[in-house]
Amino acid sequence: MSEILLRVNGLTQRFGHGEHAVTALDHVSLDIRRGETLGLVGESGSGKSTLARAILLLRRPTSGSIEFDGTDVTGLRGRALRQHRRRVQLVFQDPNDSLDPRFTIERSIAEPLVAAGYGRADRRRRVIESLEQVGLPSDAAVRYPHEFSGGQRQRVAIARAMAAKPEFVVLDEPTSALDVSVQAQVLNLLVRLQEETGVTYLFITHNLSVVHHLAHRVAVMHDGRLVEEGTGEQVMTAPEHPYTQGLLESMPVLYRT
Ligand code: ADP
Ligand code: MG
């Protein structure tokens with residue numbers, strides 16, 4: 001049994017007050033082991049991105065805690081928070097959210113390297129290496145986001161996320177905006193990067209058929225709660241919760257196991 005990298009304890013996130021209050025997360029607890037992929041599935045509005053933001057300490061939860069590598073990081077501030085941030089990264093559904101159109105690809109990929117304290121020459125080298133890792137030519141470094149297709153831009157966003165060698169990456173619907181043919185290539189890339197680096201993933205999607213191929217375990221979220229957890233196989237073939245059964249029934253037959 002490998003070590004727990006991330007442990008979420010009773011995470012609750014409420015927005016607003018009084019009759020307008022929304023409970024986006026309701027006592028969510030989960031563990032992710034080092035080197036594994038946890039697939040987080042749920043329909044739009046179920047709280048997946050809110051959980052991602054809380055886990056990455058981008059928003060303080062209403063209650064509950066987050067442990068990373070054996071340390072409670074929930075209340076980190078200042079220097080300790082900045083140090084923690086180097087160990088985790090986020091890939092958005094839309095690569096344009098992490099790539100500034102005015103910046104060269106090199107500058108975008110180098111940004112987390114600057115934050116991680118890499119010197120100029122090491123940054124250069126690492127940017128080229130990262131581009132190669134995601135299957136892009138090194139001359140992409142001097143070009144701009146608009147010169148690339150959606151799939152290539154997502155590869156750049158992945159290169160940027162992986163550049164400073166994070167231990168944990170949250171992928172929030174990373175292929176949802178891509179053409180189906182390109183989706184499979186990006187999923188294969190993510191699997192290969194994990195094999196090469198041992199990085200741990202939280203892979204968020206509203207599409208069970210996507211995670212089932214690359215997640216070691218799958219958690220199902222509904223209305224701010226985790227309603228089911230198991231291997232992809234268990235969740236796909238023997239769902240226990242009626243909500244998961246509904247998710248499966250709404251999937252194209254093609255994808256069902
Ligand atoms: P998902 O990523 O699964 O689509 P979200 O985490 O984005 O779901 O949203 C979960 C719920 O929390 C939704 O009802 C959404 O409207 C609400 N929510 C998310 N962020 C905020 C916010 N900053 N302020 C108020 N409500 C929010
Ligand atoms: Mg979302």
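If you're wondering where the values come from, they're calculated on a predicted model, not measured in any experiment.

Draft legend 1. Just the overall build of the protein chain, in detail. Each helix and strand in the protein chain was counted, giving 9 helices and 10 strands. What you see for the protein chain is a C-alpha radius of gyration of 18 Å, in line with the 18 Å of a compact globule of 257 residues. With respect to the three principal axes, the spread of C-alpha positions in the protein chain is 55 × 45 × 40 Å. The buried share of the protein chain, reckoned over its 257 residues, is 49%. Partitioning the contacts of the protein chain with sequence separation of at least 6, the portion at a separation of at least 24 is 66%. Of the side chains in the protein chain, 30 bear a positive and 31 a negative charge, and the two mean positions are spaced by 9 Å.

Draft legend 2. Region of interest: helix α3 (residues 105-115). Within α3, burial applies to Ile105, Glu106, Ser108, Ile109, Ala110, Pro112 and Leu113. If you follow the buried residues of α3, they end up packed against β6 (88-91), α4 (120-133) and α5 (150-163). Glycine 117 lies just past α3 and shows a positive phi near 85°.

Draft legend 3. Summary view of the domain arrangement of the protein chain. Split by domain assignment, the protein chain resolves into domain 1 (4-87 + 170-255) and domain 2 (99-166). Computed over C-alpha atoms, the centres of domain 1 and domain 2 are 25 Å apart. Between domain 1 and domain 2, the residue contacts involve 14 residues of the former and 12 residues of the latter. The contact between domain 1 and domain 2 buries some 1100 Å² in all, and 65% of this surface belongs to carbon and sulfur atoms. It is Arg86, Leu189 and Leu193 that lose the most area in domain 1 upon contact with domain 2, and together they represent 40% of the buried surface on that side. Our count for the domain 1 to domain 2 interface comes out at 0 salt bridges.

Draft legend 4. Looking closely at the packing of α5 against helix α6 (residues 180-197). Axis separation between α5 and α6 bottoms out at 10 Å; the angle between their running directions is 20°. On the basis of their axis angle, the class for α5 and α6 is roughly parallel. Here α5 and α6 pass one another in a crossing that is right-handed. On α6, the residues that touch Gly151, Arg155, Ile158 and Met162 of α5 are Val182, Gln185, Val186, Leu189, Leu190, Leu193 and Thr197.

Draft legend 5. Local environment of the packing of α3 against α5. Viewed as axis vectors pointing N to C, α3 and α5 meet at an angle of 25°, and their least axial separation amounts to 7 Å. Taken together, the axis directions place α3 and α5 in an arrangement best described as roughly parallel. Seen along the crossing, α3 lies across α5 with a hand that is right-handed. Contacts from Ile105, Ser108, Ile109, Glu111, Pro112 and Leu113 of α3 reach α5 at Val156, Ala159, Arg160 and Ala163. When its residues are assigned to classes, the contact of α3 with α5 shows 7 nonpolar, 1 polar and 2 charged.

Draft legend 6. Up close: the site of ligand 1. The immediate surroundings of ligand 1 are formed by Phe15, Val22, Ala24, Glu43, Ser44, Gly45, Ser46, Gly47, Lys48, Ser49, Thr50 and Arg59. Take lysine 48: an N or O atom from its side chain is 2.8 Å from an oxygen atom of ligand 1. Taken by itself ligand 1 offers 560 Å² of open surface, and the protein chains cover 59% of this. Counting residues per element, the ones that place at least two in the shell around ligand 1 are β2 (22-33) and α1 (48-55).

Draft legend 7. Just the sheet that holds strand β1 (residues 4-15), in detail. Read across the open sheet, the 4 strands follow the order β2-β1-β4-β5; overall the sheet is antiparallel. Where the open sheet ends on each side, the last strands, each with one partner, are β2 and β5 (71-72). Of the strand pairs in this sheet, β1 and β2 are connected by 8 bridges, and their pairing is antiparallel. Bridging across to β2, glutamine 13 finds its partner in leucine 25. Running over the sheet, α1 touches β1, β2 and β4 (63-68) and is turned about 120° from β1.

Draft legend 8. The arrangement of unusual backbone geometry in detail. Phi is positive for glutamate 173, close to 55°, though the residue is something other than glycine. Of note, glutamate 173 is situated in the loop between β7 (168-172) and α6. One non-glycine residue, aspartate 223, lies in positive phi territory at about 55°.

Conventions adopted
Residues numbered from 1 in each chain as written. Chains lettered and ligands numbered in written order. Predicted model: local features only at pLDDT ≥ 70, side-chain atom pairs only at ≥ 80, totals over all residues. Heavy atoms only, no water. Helix = DSSP H or I, 4+ residues; strand = E, 2+ residues; numbered from the N terminus. Rg over C-alpha atoms; globule rule 2.2 N^0.38 Å. Buried < 20%, exposed > 50% of the residue type's maximum accessible area, 1.4 Å probe, protein only. Contact = heavy atoms within 4.5 Å. Lys, Arg positive; Asp, Glu negative; His and termini not counted. Charge placed at Lys NZ, Arg CZ, Asp CG, Glu CD. Domains from an automatic or database assignment. Buried area = accessible area lost by both parts, 1.4 Å probe. Salt bridge = Lys/Arg side-chain N within 4 Å of Asp/Glu carboxyl O. Axes fitted to C-alpha atoms, helices over the stretch in contact; angles between N-to-C directions. Parallel < 35°, antiparallel > 145°, perpendicular 65-115°, else oblique. Left-handed = near helix turned anticlockwise from the far one by under 90°. Nonpolar A, V, L, I, M, F, W, Y, C, P; charged D, E, K, R; others polar. Near = heavy atom within 4 Å. Polar contact = N/O pair within 3.5 Å; in protein donor to acceptor, adjacent residues only side chain to side chain. Areas by Shrake-Rupley, 256 points an atom, 1.4 Å probe, with all protein chains shown as cover. Pairing = 2+ DSSP bridges.

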